[in-house]
Amino acid sequence: MKIVFATNNQHKLSEIRQIIGNQIEILSLSDIGCHDDIPETADTLEGNALQKAQYVYDHYHLSCFADDTGLEVDALNGAPGVYSARYAGEGHDSEANMSKLLRELGNNNHRNARFRTVIALILSDGEHVEKHIFEGIASGSIIKERRGTEGFGYDPIFLPDGYEMTFAELGNDVKNKISHRAKAVEKLAAFLTNQ
């Protein structure tokens, strides 16, 4: 089975391929010749994921899935949330995003947070089209200084519940078993392998 993952993010792509394994061939946007800047204009993670998957399906008529992930910090009323990738501006600059988040939290000791990934799947057999949503959550807290060099995004300041190390210190093998994306992808993979 082949399915398109609506991303050009190499980190996400290799993470998903590692989690899913060889049972399903995952194609990237560049694998299908899509170099468009796919809009993400919804105000929810679900909306953005569905918007990206729908775009690929409408333009390429291939079964596909798309994800959107947000870091939701309790003390910031769920921010940065849907704006996580561009929290400090449109540049998708992880360092700037982390700096802004740490600045906003300041000395606040209430640092509970969760990563939430939503995957929207559009499956088509040529006649019927099905849409499905899968969600994964990793709960934890935001530490006060960066630790670790693995991963990407907010990984150096996110301490998952039950662990003494950040996502960036745990490394991909551990992160890919416990992360928000792993949980959502496991649900997606279970669904696809039962098709």
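The structure this text deals with has already been given above.
Procedures and definitions
- Residues numbered from 1 in each chain as written.
- Predicted model: local features only at pLDDT ≥ 70, side-chain atom pairs only at ≥ 80, totals over all residues.
- Heavy atoms only, no water.
- Core = buried A, V, L, I, M, F, W, Y, C linked by side-chain atoms within 4.5 Å.
- Buried < 20%, exposed > 50% of the residue type's maximum accessible area, 1.4 Å probe, protein only.
- Helix = DSSP H or I, 4+ residues; strand = E, 2+ residues; numbered from the N terminus.
- Contact = heavy atoms within 4.5 Å.
- Polar contact = N/O pair within 3.5 Å; in protein donor to acceptor, adjacent residues only side chain to side chain.
- Phe/Tyr/Trp six-rings, centres within 6.5 Å; stacked < 30°, edge-to-face > 60°.
- Expected span 1.5 Å × (residues − 1).
- Arc of directions from axis to C-beta.
- Axes fitted to C-alpha atoms, helices over the stretch in contact; angles between N-to-C directions.
- Parallel < 35°, antiparallel > 145°, perpendicular 65-115°, else oblique.
- Left-handed = near helix turned anticlockwise from the far one by under 90°.
- Nonpolar A, V, L, I, M, F, W, Y, C, P; charged D, E, K, R; others polar.
- Salt bridge = Lys/Arg side-chain N within 4 Å of Asp/Glu carboxyl O.

## Details of the nonpolar core
Considering soluble globular proteins, one finds that nonpolar side chains tend to be buried as a cluster. Counting residues in each nonpolar core, the largest one holds 20 residues, and the members touching the most others are Leu-71, Val-73, Leu-101, Ile-142, Tyr-154 and Ile-157. The set of elements that each furnish at least two residues to this core consists of β3 (64–73), α3 (94–105), β5 (112–124), β6 (129–142), β7 (158–160) and α4 (167–170). Ignoring anything within four residues of it in the chain, the contact list for Ile-142 reads Leu-71, Val-73, Leu-101, Leu-102, Leu-105, Arg-111, Ala-113, Ile-157 and Phe-158.

## Re the environment of Asp-125
Tracing the backbone shows Asp-125 in the loop between β5 and β6. At 2.9 Å, the side chain of Asp-125 forms a polar contact with the backbone nitrogen of Glu-127.

## Overview of the packing of aromatic side chains
Taken as a whole, this structure holds 5 aromatic pairs when the rule is applied. When the centroid spacing of 6.0 Å and the interplanar angle of 15° are considered together, the rings of Phe-115 and Phe-167 count as stacked. Of this pair, Phe-115 sits in strand β5 while Phe-167 is found in helix α4, placing the two residues 52 residues apart along the sequence. Judged by its relative accessible area of 5%, Phe-115 is buried.

## A look at the side chain of Ser-28
Within the secondary structure, Ser-28 sits in the loop between β2 (25–27) and α2 (45–60). The contact partners of Ser-28, leaving out residues within four places of it in the chain, are Val-4, Phe-5, Thr-7, Leu-13 and Arg-17.

## Thoughts on α3
With 12 residues, α3 should reach 16 Å at 1.5 Å per residue; the first-to-last C-alpha distance of 16 Å fits that figure. Among the residues of α3, Asn-97, Met-98, Leu-101, Leu-102 and Leu-105 are the ones counted as buried. With its buried residues spanning 130° around the axis, α3 presents them on a single face. Residues of α3 that are buried make contact with β3, β4 (80–81) and β6. Just beyond α3, the residue with positive phi is Gly-106, at close to 55°.

## Description of the packing of helix α1 (residues 10–20) against helix α6 (residues 180–193)
Two elements in contact, α1 and α6, have axes separated by 10 Å at closest approach and are oriented at 50°. By the angle class used here, α1 and α6 are oblique. For the pair α1 and α6, the crossing hand works out as right-handed. Here Lys-12, Glu-15, Ile-16, Ile-19 and Ile-20 of α1 come into contact with α6, specifically with Arg-181, Ala-182, Val-185, Leu-188 and Ala-189. Among the residues making up the contact of α1 with α6, the classes are represented as 7 nonpolar, no polar and 3 charged.

## Some points on the side chain of Thr-69
In this fold, Thr-69 is placed in strand β3. A distance of 2.7 Å separates a polar atom in the side chain of Thr-69 from a polar atom in the side chain of Thr-117. Within the structure, the side chain of Thr-69 is placed 3.4 Å from the side chain of Arg-181, a separation counted as a polar contact.

## Description of the pattern of salt bridges
All chains considered together, the criterion is met by 13 salt bridges. Across the pair Arg-116 and Glu-46 runs a salt bridge, and its minimum N-O distance is 3.0 Å. Of the two residues, Arg-116 is situated in strand β5 and Glu-46 in helix α2; the sequence distance between them amounts to 70 residues. Look at Arg-116 and you get buried, because its relative accessible area is 15%.

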